[in-house]
Amino acid sequence: MRSVKLLVTLGLVAAAVGCGDQRAPADNRVRDAGTAERARRVAAAWEGSEAARVWSRGYYPLGDAVQLPDGAFHTDADKRAYATQNFTLRALLPDTAQKRAKVRWRDGDSLTLPLASAREAYDQVARGGNSGPALTVTAARLGEMTMPTSRGAATVPAWLFTVKGYDTPLKRVAVTPSELPRSPIGAVPERTDALMPLVGLDTVARDGRTLTVRAEHGGCDDGPAVDVLETEGSVVLSASIRGTSDGPCTSESRVEKLTVKLRHPVGDRILLDAFTGRPVPPRQQSARPAQ
């Protein structure tokens, strides 16, 4: 087995989703021995692997596919319209013969990827169609936006939608993420309270050290937690459930946001899910899985 140079193992701070209440920071705790070994195995499997090589050359976004107009939103009605994806189109969406476009990194590297049409991009943000308040799109054009990726910040093709009442456009990424590499290690056979799959990655903060992820838990526990194993080439996240009860319990599944503090910026390291053995999937991005 390849050697893994450990930088740090951390506990996690949880922030609840829903009513807006803030959980107190969870105490650092000794991680389950089996979970710790699984995280080390995942890190070792990826170190120097073909999957890691493919990952280092691809486009894997780590941020939201949509960037809002400056000052969004002015009113509660506009906030509700965006939350419900309720839009009204008052413009002809442009056609383009261009089928591919380049993602460009600051070090000079670039990658050419399939380009989504204006209609495809619009349909990704405007899925509502209800009778409530709506945001009105009055124009659209092809432009660019900056996106955090697994290789650092990149300039990415984007469709820019002019929204009535706002001076700057709503931007939506216009390229498809690269195909995910085949993982060098399989998933854990079944879930346990000590190890669960993550729902996904929300954001990586500008400091590169603060991650927001989503994790599941049930109705009769103290919520999810995430442990972190940092190595030179990867950050392995292990999701678990805290404070489970043996008494009567409802079967509902809840999803909460967790704020993960790293010792070192993510940089170009791979964010891995200990349960699946695969990269943590980003929110609102649909990378094509390897067949």
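As the structure is a prediction and not an experimental result, all values here were calculated from the model.

*Asks:* I'm lost on the overall build of the protein chain in this one. Help?
*Replies:* Looking only at helices and strands, the protein chain has four helices and 15 strands in total. Per-residue burial for the protein chain yields a buried fraction of 44% across its 291 residues. Counted over contacts in the protein chain with a minimum sequence separation of 6, partners at least 24 positions apart contribute 76%. Total accessible area computed for the protein chain in this model is approximately 14800 Å², and 48% of it derives from carbon and sulfur atoms.

*Asks:* Where do I start with the pairing of strand β7 (residues 135-149) in this structure?
*Replies:* The two faces of a sheet get side chains in turn, since along a regular strand they alternate between them. In the sheet, strand β4 (residues 87-89) pairs with β7 via three bridges, with the strands oriented parallel. Note on β7: the bridge partner recorded for T88 is T136. Both β7 and strand β8 (residues 152-163) contribute to a ladder of 12 bridges, which runs antiparallel. Bridging across to β8, L142 finds its partner in W159.

*Asks:* It is not clear to me how the packing of aromatic side chains should be interpreted in this structure. Could you clarify?
*Replies:* Here the distance between the centres and the angle between the planes together describe a pair of aromatic rings. Under the definition given, this model contains five aromatic pairs. Ring centres 3.9 Å apart and planes at 5° place the aromatic pair W55 and Y60 in the stacked group. The buried category is assigned to Y60, whose relative accessible area is 3%. Relative to Y82, the ring of F73 lies with its centre 5.2 Å away and its plane at 35°, an arrangement referred to as tilted. The class for F73 is buried, based on a relative accessible area of 13%. Geometry around W105 places R151 over its ring, the cationic atom sitting 3.8 Å from the centre.

*Asks:* What exactly am I supposed to notice about helix α2 (residues 50-57) here?
*Replies:* Residue pairs three or four apart in sequence face the same way in an α-helix, which turns once every 3.6 residues. Of all the positions in α2, only A51, A52 and W55 are classed as buried. The buried residues of α2 all sit within an arc of 95° when viewed along its axis, so they share a single face. Contacts made by the buried residues of α2 are with α1 (33-46) and β15 (270-273).

*Asks:* Would you take a moment to explain the pattern of salt bridges for this structure?
*Replies:* Close approach of charged atoms lets side chains of opposite charge pair. In the structure shown here, the tally under the stated rule is 10 salt bridges. In this structure, D123 engages R119 in a salt bridge whose closest nitrogen and oxygen atoms are separated by 3.4 Å. Of this pair, D123 and R119 are both found in helix α4 (residues 118-125), four residues apart, which corresponds to roughly one turn of the helix. Judged by its relative accessible area of 35%, D123 falls in the partly exposed class.

*Asks:* How should the side chain of R38 be read in this particular structure?
*Replies:* Summarising the element assignment, R38 is placed in helix α1. This buried residue, R38, is left without a salt bridge; D273 holds the nearest opposite charge, at 7.3 Å. R38 has contacts with I185, G186, A187, V188, L195, A274, F275, T276 and G277, leaving out every residue within four places of it along the chain.

*Asks:* When you look at the environment of P279 in this model, what are you seeing that I'm missing?
*Replies:* For P279, the position within the fold is in the segment after β15. Note: C-alpha distance between P279 and L237 (42 residues apart in sequence) is 9.8 Å. Beyond its immediate sequence surroundings of up to four residues, P279 is in contact with W46, W55, I270, L271 and L272.

*Asks:* What should I look at first to understand the nonpolar core in this one?
*Replies:* Soluble globular proteins tend to bury their nonpolar side chains together. With 34 residues, the main nonpolar core has Y59, V103, V156, F161, V173 and V175 as its most contacted residues. Contributing elements (two or more residues each) for this core: β5 (100-105), α4, β7, β8 and β9 (170-173). A per-element tally of this core places β8 first, with seven residues.

*Asks:* Teacher, can you tell me more about the environment of G208 here?
*Replies:* Relative to the elements of secondary structure, G208 occurs in the loop between β10 (198-204) and β11 (210-217). Of the residues examined, G208 reaches a relative accessible area of 12% and is grouped as buried. Considering only alpha carbons, one finds G208 and L262, 54 residues apart in sequence, at a separation of 8.3 Å. Beyond its immediate chain neighbours, meaning those up to four positions away, G208 contacts L262, H264, P265 and V266.

*Asks:* Would you explain the pairing of strand β6 (residues 110-114) in this entry?
*Replies:* Two strands pair when backbone bridges link them, and β5 and β6 are joined in this way by five bridges, in the antiparallel orientation. Bridge pairing in β6 places R104 opposite S110. Here β5 hands over to β6 after four residues, with G108 in that stretch at a positive phi of 100°.

*Asks:* Got a minute to help me understand the confidence of the model for the protein chain in this structure?
*Replies:* In this model, the protein chain carries an average pLDDT of 83, and 81% of its residues clear a pLDDT of 70 or more. Mean pLDDT values for the elements of the protein chain range from 34 in strand β2 (residues 13-15) up to 97 in β9. Segment residues 1-30: pLDDT under 50, and 75 contacts once partners within four positions in sequence are set aside and those in other chains are kept. Here residues 285-291 is a poorly scored stretch, pLDDT under 50, and it has 23 contacts once near neighbours within four places are set aside; other chains count.

Calculation criteria
Residues numbered from 1 in each chain as written. Predicted model: local features only at pLDDT ≥ 70, side-chain atom pairs only at ≥ 80, totals over all residues. Heavy atoms only, no water. Helix = DSSP H or I, 4+ residues; strand = E, 2+ residues; numbered from the N terminus. Buried < 20%, exposed > 50% of the residue type's maximum accessible area, 1.4 Å probe, protein only. Contact = heavy atoms within 4.5 Å. Areas by Shrake-Rupley, 256 points an atom, 1.4 Å probe, with all protein chains shown as cover. Pairing = 2+ DSSP bridges. Phe/Tyr/Trp six-rings, centres within 6.5 Å; stacked < 30°, edge-to-face > 60°. Lys NZ or Arg CZ within 6 Å of the ring centre and 35° of its normal. Arc of directions from axis to C-beta. Salt bridge = Lys/Arg side-chain N within 4 Å of Asp/Glu carboxyl O. Lys, Arg positive; Asp, Glu negative; His and termini not counted. Core = buried A, V, L, I, M, F, W, Y, C linked by side-chain atoms within 4.5 Å. pLDDT = per-residue confidence, 0-100.

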